[in-house]
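Chains, contacts and geometry: an overview
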Amino acid sequence: MTVQFPPDNPERRAKRAHIKSFGCQMNVHDAERMADLLAREGYEATENADDADLVILNTCHIREKAAEKVYSEIGRLRVRKEERAAQGKETLIAVAGCVAQAEGGEIIRRAPTVDLVVGPQSYHRLPDLLKDARGRKTIDTDFPDEDKFDHLPLPSKKRLMARGPSAFLTVQEGCDKFCSFCVVPFTRGAEVSRPVEAVLAEANSMAEAGVKEIMLLGQNVNAYHGVAPDGSVWSLAGLLESLSEIDGLARLRYATSHPRDMDEALILAHRDLPKLMPYLHLPVQAGSDRILRAMNRKHKAADYLRIIERVRSLRPDIAITSDFIVGFPGETDADFEDTMRIVREVGFATAYSFKYSARPGTKAAEAGDAVPEAVKTARLHALQALLLEQQNAFNAATIGRTVPVLFEKPGRHAGQVAGKSPYLQAVHVDIPKGDEISAWLGRIADVRITELRSNSLHGEIVSPVGEADRGGWAA
Ligand code: 5AD
Ligand code: SF4
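Residues numbered from 1 in each chain as written. Chains lettered and ligands numbered in written order. Predicted model: local features only at pLDDT ≥ 70, side-chain atom pairs only at ≥ 80, totals over all residues. Heavy atoms only, no water.

Grouped together as the largest cluster of nonpolar side chains are 68 residues, with contacts concentrated most on L216, L239 and Y254. Apart from residues no more than four positions distant in its own chain, L239 is found in contact with V171, V196, V199, L200, L216, Y224 and W234. (Core = buried A, V, L, I, M, F, W, Y, C linked by side-chain atoms within 4.5 Å. Buried < 20%, exposed > 50% of the residue type's maximum accessible area, 1.4 Å probe, protein only. Contact = heavy atoms within 4.5 Å.)

Now the structure itself:
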């Protein structure tokens, strides 16, 4: 005989977990994988941190501002944890991600309300770590020998479908480049590529679940060198070629790349693989060779321009995006002008730009010659104004064209569906009257772009659902 518990009996209520992610796409995806693992442990996901038995802050250490957010968030959670304790409810607070890796036990010393600190390479140990954390403060910031991906469950078909038709797949982690401003080689460790077979198996299971687009993730993804079952080593170009043969997958993307690893095979893949979307995120960081050298970027401005020219000669419509840092130590007005010049020369579809932020443990943090805050601010404004102008021009150039759009979610208004163009632009369309939104999700249709409204393109469907599944301009 089974005993029925009243639904609000805390003994029977599923435990609830809230994961809040900061920072990059890798963190967003890590949060998904942690949620898969916690679901197996009987945790239900909740959007509401106040209602959670377990809160995981999946943190970012890339800039000081991002790292400091964690402590204000913990302060808020501490109050809630005390309120819940007064009601006899336990709340575990875990700090994961790159701040966890960088600061380790220091987090618990500064914020004793935190129960568990877990670095990005130890997520597969979460179930055990949570058990330990019940009794005592627990810290795991190892770079373990075992591959965490072998221990993380493959997401179920149901969970994959719930995430939508565009999915992340981690193929590479860590970085060996040691740009002098960057904490990634310290927080994510050395560059490691996942084996080819594991990546293909995961991609196949995604395609079977209905995933249409895969974004391959890695801190330095184009340095991918995965071992195949026959012992050969595959580059990212080889991996993309093999992934393009998977039926059902319509689109492939990858991020983030380093100019030094942009080899000819990968450039040619942009010409030869129709499923590889015409989109390249290639951070340059600065336009001055003096600053690039101080940043230990291992490339000059001219190298970057040469790569862009070559890619465009093979795939003229490709959207180029980038990252920039202004106010790196010692950056003069002339250096900054070089950054503005490279931006004008390339013409970016969109770009991210940041003020330099000194990070503990990095080479650049030891350098003097800091740029005054007001100068950094002025430079950032000037750069962002130029980048915004280019972004608007890029989007405006799409108006009147027909592009295949992958529909991913309901749009902002009723009867609307939202998707992405091959160039990763957000596109909204009205679906035919009487159609269900759900019937359009996960489909690709040709859309004629009609206008640009606050940050989003709008268009009309011109092909029946499912007819257009290629990337690139259809007209
Ligand atoms: N300060 C400012 N921006 C940084 N980035 C990385 N480290 C720093 C730093 N210390 C930026 C780079 C990188 C992006 C993810 O974040 O532009 O490409
Ligand atoms: Fe950081 Fe990217 Fe440089 Fe690696 S290549 S150190 S992740 S900025």
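On we go.
With 16 residues, helix α1 (residues 25-40) should reach 22 Å at 1.5 Å per residue; the first-to-last C-alpha distance of 23 Å fits that figure. For α1, a buried count of 12 out of 16 residues is recorded, marking the element as mostly surrounded by other parts of the structure. Within α1, the full set of buried residues consists of M26, N27, H29, D30, A31, E32, R33, M34, A35, D36, L37 and L38. Among the residues trailing α1, G42 stands out with phi positive, at a value near 95 degrees. (Helix = DSSP H or I, 4+ residues; strand = E, 2+ residues; numbered from the N terminus. Expected span 1.5 Å × (residues − 1).)

Right, let's get into the sheet that holds strand β10 (residues 213-217). Overall, parallel pairing links the 3 strands, which are arranged β7-β10-β13 in an open sheet. Each of the sheet's edge strands pairs with one partner strand only, and the pair in question is β7 (166-170) and β13 (251-255). In this sheet, neighbouring strand axes are inclined to one another by 25 degrees on average, regardless of whether the strands run parallel or antiparallel. Summarising the sheet, β10 and β13 pair through 5 bridges and their orientation is parallel. Pairing of I214 across the sheet is with L252, part of β13. (Pairing = 2+ DSSP bridges. Axes fitted to C-alpha atoms, helices over the stretch in contact; angles between N-to-C directions.)

Turning our attention to the sheet that holds strand β18 (residues 416-420). With mixed pairing, 5 strands are arranged side by side around a closed barrel as β17-β18-β19-β21-β20. Each strand of the sheet is rotated relative to its neighbour by a mean of 55 degrees, with strand direction disregarded. Relative to strand β21 (residues 456-461), strand β20 (residues 444-453) runs antiparallel, the two sharing 6 bridges. Its bridge partner lying in β21, E451 is registered against H458.

It is worth spelling out the pairing of strand β15 (residues 319-326) at this point. Within β15, 8 of the 8 residues are buried, which leaves it mostly tucked inside the rest of the structure. Burial of the side chains of β15 extends over both faces: A319, T321, D323 and I325 are buried on one face and I320, S322, F324 and V326 on the other. For strand β14 (residues 279-281) and β15, the ladder comprises 3 bridges, and the chain directions are parallel. Its bridge partner being in β15, Y279 is matched across the sheet by A319. In terms of strand pairing, β15 meets strand β16 (residues 350-355) through 6 bridges, oriented parallel. Along β16, the bridge assignment pairs F324 with S353. Between the parallel elements β15 and β16, the chain passes through helix α14 (residues 333-346) in a crossover that is right-handed. (Right-handed = clockwise from strand over helix to strand, strands pointing away.)

For the rest of this paragraph, the subject is the pattern of salt bridges. Considering all chains together, one arrives at 40 salt bridges under this definition. For R125, the salt bridge is made with D140, and the minimal N-O distance between the two is 2.7 Å. With a gap of 15 residues between them, R125 in the loop between β5 (116-118) and α5 (126-135) and D140 in strand β6 (residues 138-140) connect regions that are remote in the sequence. With relative accessibility at 6%, the residue D140 sits in the buried group. Across the salt bridge formed by R344 and E337, the nearest N and O atoms sit 3.9 Å from each other. A residue is classified by how much of its surface remains accessible, and E337, at 37% relative accessible area, is partly exposed. (Salt bridge = Lys/Arg side-chain N within 4 Å of Asp/Glu carboxyl O.)

Further remarks concern the confidence of the model for the chain. Counting all residues, the mean pLDDT for the chain is 92, and 95% of those residues have values of 70 or more. In the predicted structure, residues 466-475 sits below a pLDDT of 50 and forms 32 contacts with residues beyond four places in sequence or in another chain. (pLDDT = per-residue confidence, 0-100.)

Turning our attention to unusual backbone geometry. Negative phi characterises most residues that are not glycine, and trans characterises most peptide bonds. A cis amide bond, omega 5 degrees, links A255 with the succeeding residue T256. Among the secondary structure elements, T256 is positioned in the loop between β13 and α11 (264-272). Despite not being glycine, L424 has its phi angle at roughly 65 degrees, a positive value. Within the secondary structure layout, L424 lies in the loop between β18 and β19 (426-430).

It is worth spelling out the environment of D263 at this point. Locating D263 in the fold gives a position in the loop between β13 and α11. A polar side-chain atom of D263 sits 2.9 Å from the main-chain amide nitrogen of L266. (Polar contact = N/O pair within 3.5 Å; in protein donor to acceptor, adjacent residues only side chain to side chain.)

Attention now goes to the packing of aromatic side chains. As enumerated under the stated definition, the model contains 5 aromatic pairs in all. With 5.3 Å between their ring centres and 70 degrees between their planes, F328 and Y356 make a pair best called edge-to-face. One end of the pair, F328, is in the loop between β15 and α14; the other, Y356, is in the loop between β16 and α15 (373-396), and 28 residues separate them in sequence. You'll find F328 and Y356 in the same group, each marked buried. Relative to Y423, the ring of F394 lies with its centre 6.0 Å away and its plane at 75 degrees, an arrangement referred to as edge-to-face. Residue F394 is found in helix α15, and its partner Y423 is found in the loop between β18 and β19; the two are separated by 29 residues along the sequence. Taking the ring centre of Y43 as reference, the NZ or CZ of K15 above it sits at 4.5 Å. Taking NZ or CZ as reference, R110 lies 3.5 Å from the ring centre of Y71, over its face. (Phe/Tyr/Trp six-rings, centres within 6.5 Å; stacked < 30°, edge-to-face > 60°. Lys NZ or Arg CZ within 6 Å of the ring centre and 35° of its normal.)

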